[in-house]
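Coordinate analysis (summary)
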Amino acid sequence: MLKRISPAVFIGHLPDLKGISVTENEVTLGAGVTYSEFEPVIEEHFPQALDYWRRIAGWQVRNAGTIGGNIANGSPIGETPPLLIALGAEVVLQNTAGMRTVALEDFFIEYGKQDRQPGEFVAAIRIPRTGADRIAAYKVSKRQHSDITATAAAFRVVTDGQVISDARIAFGGMAGTPKRAERAEAALRGKPFSRESFEAAAEAVGEDFQPLSDWRATADYRRLVAANLIRRFWLEQTGEAHRLSRAQ
Ligand SMILES: Cc1cc2nc3c(=O)[nH]c(=O)nc-3n(C[C@H](O)[C@H](O)[C@H](O)COP(=O)(O)OP(=O)(O)OC[C@H]3O[C@@H](n4cnc5c(N)ncnc54)[C@H](O)[C@@H]3O)c2cc1C
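If you're wondering where the values come from, they're calculated on a predicted model, not measured in any experiment.

1. Details of the nonpolar core
Grouped together as the largest cluster of nonpolar side chains are 37 residues, with contacts concentrated most on Phe38, Ile67, Leu83, Phe107 and Ile127. There are two domains that each give this core at least three residues, and those are domain 1 (17-128) and domain 2 (134-247). When residues no more than four places from it in sequence are discounted, the contact partners of Leu83 are Ile42, Ala49, Tyr52, Trp53, Ala137 and Ala154. In terms of nonpolar packing, the next biggest core, distinct from the first, is built from 29 residues, Phe155, Met174, Phe209 and Ala226 among them.

Structure, rendered in structure tokens:
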């Protein structure tokens, strides 16, 4: 027998969940903002992630699906969490007792379990504006469009001169939740912005995750892709990817 889902509550029309505000320090969006409604904000403030954003589902789903729904759903392969975690986003949770804010990475506890108290819903998402950081997001899936991710990765790397002062790398499809690659990040933090550092991070990411095999990808494939996306980030950031593709 199918599970009864009553009562179903439609929240798509609530103006309080639809706001988008941009200040000098952060972008705040209501949980009911759709992917399409948020696309111009991505284009203006996080243009490095625009291609990734446009590869979420197809336009019908992007016009209806909400960012709050994608987060609350808790899927390990939802595509907004890796990007938002890499950007350092927080989620604002609300119930009749009030509001609280948690780092998005801490919202995902384990597969199927999120940090939500009884009656709490996702009210808003806050994304710090990060200035001149190096940002990228990649989705690997079997089809270019209308296909959910096998592995996704998002990066925010801060450099101080030639030194990596901070690195946030988040993956989807590599664990039971969207998750930061802590060992890979540690391999970069405080190190030179060099091929060797990113090679060390690509090696370290194998220690970060024990991915599953499913019909989207095998565990070995996911591990290889995760390491190669770190290499890709380095190649793109240094312009080497462009030089290599022109040389072929
Ligand atoms: C054809 C197709 C292709 C897709 N492709 C992709 C893809 O490429 N990438 C990707 O990431 N996703 C993909 N999805 C999933 C889709 O993006 C998500 O289902 C969508 O974002 C969820 O948003 P929604 O507003 O429809 O949420 P709903 O489906 O209405 O809700 C999802 C869950 O979250 C809960 N919920 C919703 N809003 C809140 C809130 N504010 N607070 C607390 N709980 C809440 C609901 O109760 C429900 O349990 C695809 C879906 C389809 C149908």
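2. Details of the pattern of salt bridges
Tallied over the full model, the rule gives 20 salt bridges. Its salt-bridge partner being Glu185, residue Arg180 comes within 2.9 Å of it at the nearest N-O pair. When its relative accessible area of 2% is taken as the criterion, Glu185 is described as buried. One salt bridge connects Arg231 with Glu203, and the closest N-O pair in it is separated by 3.8 Å. Highlighted residues: Arg231 in helix 9 (residues 219-237) and Glu203 in helix 8 (residues 195-208), separated in sequence by 28 residues. One connected set of salt bridges, linked through shared partners, spans Glu105, Asp166, Arg168, Arg180, Glu185 and Arg189.

3. Thoughts on the sheet that holds strand 8 (residues 134-140)
Taken in spatial order, the four strands make up an open sheet running 8-9-10-11, and their pairing is antiparallel. What marks the edges here is a single partner per strand, and that holds for strand 8 and strand 11 (179-180). Of the pairings in the sheet, the one linking strand 8 to strand 9 (residues 151-160) comprises seven bridges and is antiparallel in character. For Ile135, the partnering residue across the bridge sits in strand 9 and is Arg156. Sitting on the sheet, helix 9 touches strand 8, strand 9 and strand 10 (163-172), and the angle it makes with strand 8 is about 145°.

4. Thoughts on the domain arrangement of the chain
When cut into domains, the chain gives domain 1 (17-128) and domain 2 (134-247). Computed over C-alpha atoms, the centres of domain 1 and domain 2 are 21 Å apart. Taken together, the contact between domain 1 and domain 2 spans 24 residues of the former and 27 residues of the latter. Here domain 1 and domain 2 share three salt bridges between them. The shortest N-O distance in the salt bridge between Arg180 and Glu105 comes to 2.7 Å.

5. Focus: the site of the ligand
Surveying the vicinity of the ligand reveals 20 residues, the closest of which are Tyr35, Ala57, Thr66, Glu79 and Val122. Here an oxygen atom of the ligand sits 2.8 Å away from a polar atom, N or O, in the main chain of Glu79. Note that an oxygen atom of the ligand is positioned 3.1 Å from one of the side-chain N or O atoms of Lys139. Taken together, the elements giving at least two residues each to the shell around the ligand come down to helix 4 (67-72) and strand 7 (121-128). Formed jointly, the shell around the ligand draws a minimum of three residues from each of two domains, domain 1 (17-128) and domain 2 (134-247).

6. Remarks on the environment of Val122
Summarising the element assignment, Val122 is placed in strand 7. Residue classification places Val122 among the buried positions, given a relative accessible area of 7%. For the pair Val122 and Thr101, spaced 21 residues apart in sequence, the C-alpha separation works out to 9.9 Å. The contact partners of Val122, leaving out residues within four places of it in the chain, are Leu17, Ala31, Gly68, Ala72, Val91, Val92, Leu93 and Phe107.

About the thresholds
- Residues numbered from 1 in each chain as written.
- Predicted model: local features only at pLDDT ≥ 70, side-chain atom pairs only at ≥ 80, totals over all residues.
- Heavy atoms only, no water.
- Core = buried A, V, L, I, M, F, W, Y, C linked by side-chain atoms within 4.5 Å.
- Buried < 20%, exposed > 50% of the residue type's maximum accessible area, 1.4 Å probe, protein only.
- Domains from an automatic or database assignment.
- Contact = heavy atoms within 4.5 Å.
- Salt bridge = Lys/Arg side-chain N within 4 Å of Asp/Glu carboxyl O.
- Helix = DSSP H or I, 4+ residues; strand = E, 2+ residues; numbered from the N terminus.
- Pairing = 2+ DSSP bridges.
- Axes fitted to C-alpha atoms, helices over the stretch in contact; angles between N-to-C directions.
- Near = heavy atom within 4 Å.
- Polar contact = N/O pair within 3.5 Å; in protein donor to acceptor, adjacent residues only side chain to side chain.

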